[in-house]
Amino acid sequence: MASVAATPARTPNGPGPGEASASFPTVASVPGPQEPEEEGEEEPAEIHLCVLWNSGYLGIAYYDTSDSTIHFMPDAPDHESLKLLQRVLDEIDPRSVVTSAKQDENMTRFLGKLASQEHREPKRPEIIFLPSVDFGLEISKQRLLSGNYSFIPDSMTTTEKILFLSSIIPFDCLLMVRALGGLLKFLGRRRIGVELEEYNVSVPILGFKKFVLTNLVSIDQDTYSVLQIFKSESHPSVYKVASGLKEGLSLFGILNRCRCKWGEKLLRLWFTRPTQDLGELNSRLDVIQFFLLPQNLDMAQMLHRLLGHIKNVPLILKRMKLSHTKVSDWQVLYKTVYSALGLRDACRSLPQSIQLFQDIAQEFSDDLHHIASLIGKVVDFEGSLAENRFTVLPNIDPEIDEKKRRLMGLPSFLTEVARKELENLDSRIPSCSVIYIPLIGFLLSIPRLPSMVETSDFEIEGLDFMFLSEEKLHYRSARTKELDALLGDLHCDIRDQETLLMHQLQCQVLARAAVLTRVLDLASRLDVLLALASAARDYGYSRPRYSPQLLGVRIQNGRHPLMELCARTFVPNSAECGRDIGRVKVITGPNSSGKSIYLKQIYRSLLRLASPSPQPTPPGAVPVSSLIQVGLITFMALVGSFVPAEEAEIGAVDAIFTRIHSCESISLGLSTFMIDLNQQVAKAVNNATERSLVLVDEFGKGTNTTMETCEDGDDLVFFYQVCEGVARASHASHTATQAGLPEKLIARGKQVSDLIRSGKPIKPVQELLKEKQMENCQTLVDKFLKLDLEDPSLDLDIFMSQEVLPAATTIL
């Protein structure tokens, strides 16, 4: 209980000088480099997804509680199997999936499978169906336009607000707009993040962001695991066992040198979204190359230090929106904004030909200086930390200054009042105090005498008894009532007026939330690229080149980025496939010779065959055939990183599939071979294109036990009994049929198997050759038809030698 008290005491000769005391806390200094622990208090992020599917198109929107932002994807075509939707679900891992109760059978079947996926436990998403009327187009538009968004100034008219939102949200994407409307309905009904707030407090929405999945390289979770791109381990600290995992030895772990949390989050996002967009990839590489120049090392280190002060701005803005701002939030925001201004000034001195530097120099506007200036001029950081509440500096509000002056002068003033009160009290009372308690006012406090036993003994003429506390009797007197009328409740008045100023300051900050959000986006991008540049400098990485016309890869003296850090000796490897040297590579060799490591590096279609005779690897040396490294080098190039190789030329890649680690599960009731075939190989065969990377390592080696079976026509019956002898057949074709592999592929497999057993040569399929010849003929005819014979610059000899003759060799 905060109070101000003054206490005079009687002496043998009568009233004497009093002793004044006040319960103001001591003033603490503003923290230096150390930051308040606001980062550790953030609740786990949740994502709530809303999806609609109609006429072959998807409309998707989701809300991320970590930054209180709604993300939307413009209407996109999807297959009936909803592969695009599955890709979105794998990437964002939503807590709930909201959709219309009126759906076609494709979506119904998909959601049924999603709800039954065991591997998603314990994070299996909740499937929520809302009435179809909640997804109406007009009502969805109305919800969007009538929303309370802090990033839209209150001064905007309705028309201006519509124009502003139209510049962000493509209202011509009707499915997406309906999905946004359904999402807003769900958020309002569930009150996500504001469950305990007053009902008039709405779910905070700090911005809308578009996300797309075009030009992305498809990589499944098995590939991320076998290439060790991510690797989670239990945290060694007993205090963090329940809080989650830490990153182990992985590609992400060695490249993650980000200074701010949002930089680390963006790096993880880039790793989950490798891209084929050459413009985006080269823009990332340009920044890394700039910071690798020796003369730019000091600049990189300075920017890295500034990025360390970029904190969790969305969390602070969310607290401001809900009026839950903490004292530490103002200091964190102040340092973040000033650090952003430092980044802007530094980037203005850097080459503006690099897009990132230009964006930071231009988009870190004077609004940042305005925010920093307001906070610095208004907020009393020392006083706020001392009183654990928002306080303002002097000379901001004259009325507050006057009330604070009165409050600070109360102890000496109350001493005189207490002395006069003591003169009118019974001589048996040795001392008294006049105290001030917020919300109660001024009271006269006297010690309890031994004779005061019953409540009736507390009554004193001319005083109104209030309460007994810690052997002190508290009364209202005529003088204390006069003080209440004269001075009022100073402490509460000051707090209320400072709270009002804090609210006004919050409104000023929230009105500029857009620039703060943009600061976070660009600062996190700079943080990631500085981290990749630092790793490239320390590990000796080089810049890759991209050749979209190349269906292959060329790597000279590539290295495994993880293995080279763990082994005393590492032997680099070169790899090349595509062009005229073939796109399918079969790797053979003795055990421990490095086939698997090399496999995980190789690009395009690769098959590893193990040699039956093991030969040991020399002690202390990594096997020469470092197969993993090209896969990792290709992946690193596709996220815009420098790579561990002397040279690297990366062709067009649209997906990476692997069959390297066997996934066994008793609960599934399937053999290791069946799981490998169904979950890994079938996925590659059914989804890979000519631009996909497929890595297969000793496929089928898990099936080496003889079990009794019986063929019943076209069916195969398993007796699940071990029997003497050697298995006469693997029955791979039967298993492949159950796994859903194409019938033509299974038939061709049987044909090749029969040819191998009979010792006959294996010839190409004539139908495929004819189809290829027809395609080449059609291409050649098309080129002839495009010729302009009247063009004087046309040289038919060159056309014949460069176009016709090379094509003729593939046709004849």
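For the structure, see preceding data.
All chains use their own residue numbering, which begins from 1 and follows the written sequence. Whole-chain, interface and lining totals are the exception, using all residues; otherwise, since this is a predicted model, local features are given only for residues with pLDDT of at least 70 and side-chain atom pairs are given and counted only at 80 or more. As a convention, hydrogens and water are excluded, and side-chain values are obtained from all of the structure's heavy atoms.

Asks: Give me the overall build of the chain: which residues, what numbers.
Replies: Helix and strand definitions follow DSSP, with helices as H or I runs of at least four residues and strands as E runs of at least two, each counted in order from the N terminus. Regarding its fold elements, the chain presents 27 helices and 27 strands. Accessibility here uses a 1.4 Å probe with only protein chains present; expressed as a share of the type maximum, an area under 20% marks a residue as buried, one over 50% as exposed, and anything in between as partly exposed. The buried share of the chain, taken over its 812 residues, is 45%. Considering only residue pairs separated by 6 or more positions, the chain has 68% of its internal contacts joining residues 24 or more positions apart. If you sum the accessible surface of the chain, you get close to 41,800 Å²; carbon and sulfur atoms cover 53% of it. Contacts: residue pairs with any heavy atoms within 4.5 Å of one another. Areas reported here follow the Shrake-Rupley algorithm with a probe of radius 1.4 Å; residue values treat only the protein chains shown as occluding.

Asks: Give a description of the packing of helix H3 (residues 137-146) against helix H5 (residues 174-190) that names residues and reports values.
Replies: Running from N to C, H3 and H5 point in directions that differ by 60 degrees, and their axes come no closer than 8 Å. By crossing handedness, the relation of H3 to H5 is classed as left-handed. Residues Leu137, Ser140, Lys141, Arg143 and Leu144 of H3 form the contact with H5, whose participating residues are Leu174, Val177, Arg178, Leu180, Gly181, Gly182, Leu184 and Lys185. Partitioned by chemical class, the residues of the contact of H3 with H5 number 6 nonpolar, 3 polar and 4 charged. To obtain an axis, a line is fitted to C-alpha atoms, over the contacting stretch when the element is a helix, and the angle between two such axes runs from 0 to 180 degrees between their N-to-C directions. In this scheme the handedness of a crossing depends on how the near helix is turned from the far one: anticlockwise by less than a right angle means left-handed, clockwise means right-handed. Under the scheme applied here, ten amino acids are nonpolar (Ala, Val, Leu, Ile, Met, Phe, Trp, Tyr, Cys and Pro), four are charged (Asp, Glu, Lys and Arg), and all others, including Gly, are polar.

Asks: So what about the packing of helix H1 (residues 83-92) against helix H2 (residues 105-115)? Which residues, and what values?
Replies: It is at 12 Å that the axes of H1 and H2 come closest, and there the two elements cross at 30 degrees. With respect to each other, H1 and H2 are oriented roughly parallel. H1 and H2 meet at a crossing whose hand is right-handed. Between H1, through Leu85, Gln86 and Leu89, and H2, the contact on the second element is made entirely by Met107, Phe110 and Leu114. A per-class count over the contact of H1 with H2 returns 5 nonpolar, 1 polar and no charged. In these notes the angle categories are as follows: under 35 degrees is roughly parallel, over 145 is roughly antiparallel, 65 to 115 is roughly perpendicular, and the rest is oblique.

Asks: Give me the pairing of strand E15 (residues 441-447): which residues, what numbers.
Replies: The element E15 is extensively covered by neighbouring structure, given that 7 of its 7 residues are classed as buried. Pairing between strands is defined by DSSP: at least two bridges between them are needed. Where strand E14 (residues 433-437) and E15 come together, 5 bridges link them in antiparallel fashion. Each bridged residue has a counterpart across the sheet, and for Ser433 the counterpart in E15 is Ser445. Taken together, E14 and the strand that follows it, E15, pair antiparallel across an intervening segment of 3 residues, in which Leu439 is found at a positive phi of about 75 degrees. One ladder, built from 4 bridges, connects E15 with strand E17 (residues 472-476); its direction is antiparallel.

Asks: I'd like a rundown of the nonpolar core, residues and numbers included.
Replies: Residues belong to a common nonpolar core when they are buried Ala, Val, Leu, Ile, Met, Phe, Trp, Tyr or Cys residues joined through side-chain atoms within 4.5 Å. If you look at the biggest cluster of nonpolar residues, it comprises 162 residues, and the most contacted ones within it are Phe208, Phe271, Phe291, Trp330, Leu516 and Leu526. With 16 residues, helix H19 (residues 513-539) is the largest single contributor of residues to this core. The residues touching Phe271, leaving out its near neighbours within four places in the chain, are Tyr224, Ile229, Phe230, Leu251, Phe252, Leu255, Phe635 and Val639. Ile60, Ala76, Phe110 and Leu213 belong to the second largest nonpolar core, which has 23 residues in total.

Asks: Can you break down the pattern of salt bridges residue by residue, with the values?
Replies: The term salt bridge refers to a pairing of a side-chain nitrogen on Lys or Arg with a carboxyl oxygen on Asp or Glu at a separation within 4 Å. According to the stated counting rule, one finds 32 salt bridges in the structure shown. Here Arg559 makes a salt bridge to Glu564, at a shortest N to O gap of 2.7 Å. On the accessibility criterion, Glu564 (19% relative accessible area) is buried. Sharing partners across several salt bridges, the network here consists of Glu387, Arg389, Lys404 and Glu498.

Everything listed here is a matter of coordinates, which is why it stays silent on function.
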